[in-house]
Structure formats: structure tokens, C-alpha cells
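# Structural overview
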Amino acid sequence: METIVKNKHAEAHALIDGFLQRHKDRHGIYLNDLYKYLGADFVYGQTKTRKALVGILLEEQHGRCCYCMRRIEGLPSEEMSIEHVIVNHPIDANDYNQYLGRNSQLDSSDIISSSDFIARQVPPPPYPHAVAYENMLMSCAGHCHIGLKTSFTCNNHRGHRFIDPLPLMANINREVKYQKNGFVYWINETNTANPTVEVLGLNYEVLKLIRRIWYKLSSKGLKVDDCDRQKLIYEVLGDLLDENEDDAVIQTLFLFANNAWYWKLLQQFDYFNDSSKFE
Ligand SMILES: [Zn+2]
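Residues numbered from 1 in each chain as written. Predicted model: local features only at pLDDT ≥ 70, side-chain atom pairs only at ≥ 80, totals over all residues.

### Details of the pairing of strand 1 (residues 80-84)
Of all 5 residues making up strand 1, 4 are buried, and the element is well covered by its neighbours. Pairing of strand 1 with strand 4 (residues 136-140), which is carried by 5 bridges, proceeds in the antiparallel orientation. In the strand pairing of strand 4, Ser 81 is matched with Ser 139. (Buried ≥ 20, exposed ≤ 12 C-beta atoms within 10 Å, placed from the backbone. Helix = DSSP H or I, 4+ residues; strand = E, 2+ residues; numbered from the N terminus. Pairing = 2+ DSSP bridges.)

Following this line, the structure appears as C-alpha cells:
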């Protein structure tokens, strides 16, 4: 995982300022569910506001999902989504406030809960969290199986559950650890019931296998485009058998050997093409 440095404030704020101004001009007041209105906002002849924001977010994330590091830039729009780190609809003030004071960039952001923003009816700053650039990240849709629109990981898998704002923390690249068997954990996790990496599904079997395959590829100096796929899979298989892995995991491994869709999925995780990323 990498720290996402939020430094495109001027560019992003200009977009959101324009949206909020048009919204207020049209409705007379700021209405609830600002994020929904953001999705429909545009100025004739210009890129839609939401799409322009997505471009800014993808650029600062180098085209990758904020959580699993899958390459999402260039994929169809249904393969990505805007993640609200502080959930779009917090249940109450406590639900909102629990995201603050966790040593992330949220602490220094000029944002306010959307309900307080609506109650005050004062133009930004501070920005309502539902449409605040500082609270938005790009996530993949978490699709890990061919033809299946289920979200196994990341934003859509998380839903409204609490997470620590990991990608907005400094040094997170050193604090999130990847093991050679593909397992991931955060060294500062204190929540044993719902660890953030589990809420995000980052140890879902397919992702673990993908990271494991990349460890194998990178440690052997193999290139994904011209490696002997079967040979590679058999090497990983050997490791899995040594560790008495479940049959289901082994069946999943064979998907990568036999199916181009899964091989393409693997390639989207080339962030892990670096054996030094594994411990
Ligand atoms: Zn993801």
C-alpha cells in the first residue's frame, strides 16, 4: 500500500466550488445527499464534474486502487468507484468523528460533516465530507472472478463499515506488510474483531494468490508476458502442497494457468512485481 498525498487542492476545490455554487443557485439551498447531485453536475461543453475529479484522483494514485493496488486506470467505469474514507452517510456524529485523530491527512483537511454543512448553509471551506476532495479516493470495484459482479474487496466490499484511513497515513508503505505467501497485515492494527485489511477483503484468496504468484515471478526474475505460465503455476502449486493448502485454493490457482481473464487480472497487480515488497 502507498500513502496517497493529497496535494491537488486548488484544482479539485475549483471543481467542487463550481458544483456547490451551481447546486445552490439551482435549489436555493444546499440539499442533502450532495454526492448524488455531484454525479449529475456538469457545465455544457466541459467534462462532467465527477469525471474530472476521478481524473485528478487517479493521477495522484498513479492509476491504482487505493487499497489493493490493482491498476484501474483505463478499465471500464464499472470497474472503479469513488471511495469516501469517512463514509458518505455516517450514522451519527460519533460515526463521523471516529475517523479523526488517527494520524491521517483527514486531521489537517478543511472538511466538515455534510450534515453540519447543510445545517449551516455557508459556502466552503470547510467542505462537506460527501464531496470533499480530501475524503475521496479511487477504489477498484473488487471484481475477482470472471463474469461475477460481486465485490470481494475494497470500497464496495467494505460498504459502510469503519476502517482506519490507511492510504492517508504517512509511512503506510512501511506499515502494511506483505508476506511471501500473499498474506497482508497492518503492523499497527489494534482492532482484533474487525481489522481494516479484513474489512477491505485484502486477504481474499484470489488476491493472496495473485501476490504469491508475483512474489514467485519477481524473485525468479521472470517477466509475466513471456514466462512459461504452466511451469510457474506448478512451482506455486508445489509451495501450496507443501503447506497443505485447501483444494479450493489449488483450484483457484489453476484458473490463472488456464484462463486469459485471470492472467489479465494478475497483470493488473504488477505493483507487486518487486520481491523486496515481501517479507
Ligand atoms: Zn482494490
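### Observations concerning unusual backbone geometry
A cis geometry characterises the amide bond from Pro 124 onward to Pro 125, with omega recorded as -5 degrees. Position of Pro 125 among the secondary structure elements: in the loop between helix 5 (114-120) and strand 3 (127-128). Note that the residue after Pro 125, namely Pro 126, is joined by a cis bond; omega there is -5 degrees. Within the element layout of this structure, Pro 126 appears in the loop between helix 5 and strand 3. You will see that Asn 171, though not glycine, has its phi angle at about 70 degrees, which is positive. Position of Asn 171 relative to the elements: it lies in the loop between helix 6 (154-158) and helix 7 (172-175). If you check the backbone angles, Asn 244 has positive phi at about 55 degrees while not being a glycine. Examined against the element boundaries, Asn 244 turns out to sit in the loop between helix 10 (229-242) and helix 11 (247-258).

### Section: helix 12 (residues 260-267)
Taken together, the buried positions of helix 12 are occupied by Tyr 262, Leu 265 and Leu 266. Within helix 12, the buried residues cover an arc of 100 degrees as seen down the axis, which keeps them to one side. Every exposed residue of helix 12 that faces more than 90 degrees away from the buried side is listed here: Ala 260, Trp 261 and Lys 264. Against helix 9 (205-219) and helix 11 lie the buried residues of helix 12. (Arc of directions from axis to C-beta. Contact = placed C-beta atoms within 7 Å.)

### Quick word on the nonpolar core
Ile 16, Cys 65, Cys 68, Val 131, Ile 210 and Ile 213 are the most contacted members of the largest nonpolar core, which totals 64 residues. Those elements that provide at least two residues to this core are helix 1 (9-27), helix 2 (34-40), helix 3 (49-60), strand 2 (111-112), strand 4, helix 9, helix 11 and helix 12. The greatest single-element share of this core, amounting to 8 residues, is contributed by helix 9. Both domains that meet at this core, namely domain 1 (9-148) and domain 2 (172-277), each give it at least three residues. If we ignore the near neighbours within four places in the chain, the residues touching Cys 68 are Cys 140, Thr 153, Cys 154, Leu 202 and Leu 207. (Core = buried A, V, L, I, M, F, W, Y, C linked by C-beta atoms within 7 Å. Domains from an automatic or database assignment.)

### Overview of the environment of Arg 64
One can find Arg 64 in the loop between helix 3 and strand 1. With 205 residues separating them along the chain, Arg 64 and Phe 269 place their C-alpha atoms 8.9 Å apart. In this structure, Arg 64 is in contact with Met 69, Arg 70, Arg 71, Ile 72 and Tyr 271, ignoring residues within four places of it in sequence.

### Brief notes about the domain arrangement of the protein
Per the domain assignment, the segments making up the protein are domain 1 (9-148) and domain 2 (172-277). Computed from C-alpha atoms alone, the centre-to-centre distance between domain 1 and domain 2 is 30 Å. Contacts between domain 1 and domain 2 engage 9 residues on the former and 12 residues on the latter. Of the residues that constitute the side of domain 1 that touches domain 2, the class distribution is 5 nonpolar, 1 polar and 3 charged. (Nonpolar A, V, L, I, M, F, W, Y, C, P; charged D, E, K, R; others polar.)

### Regarding helix 11
Here helix 11 is 12 residues long and its end C-alpha atoms lie 17 Å apart, about the 16 Å a rise of 1.5 Å per residue gives. Residues of helix 11 that are buried include every one of Thr 252, Leu 253 and Phe 256, and no others. For helix 11, the angular spread of buried residues about the axis comes to 105 degrees, placing them on one side. Exposed positions of helix 11 whose direction lies more than 90 degrees from the buried face are Asp 247, Ala 248, Gln 251, Phe 254 and Asn 258. (Expected span 1.5 Å × (residues − 1).)

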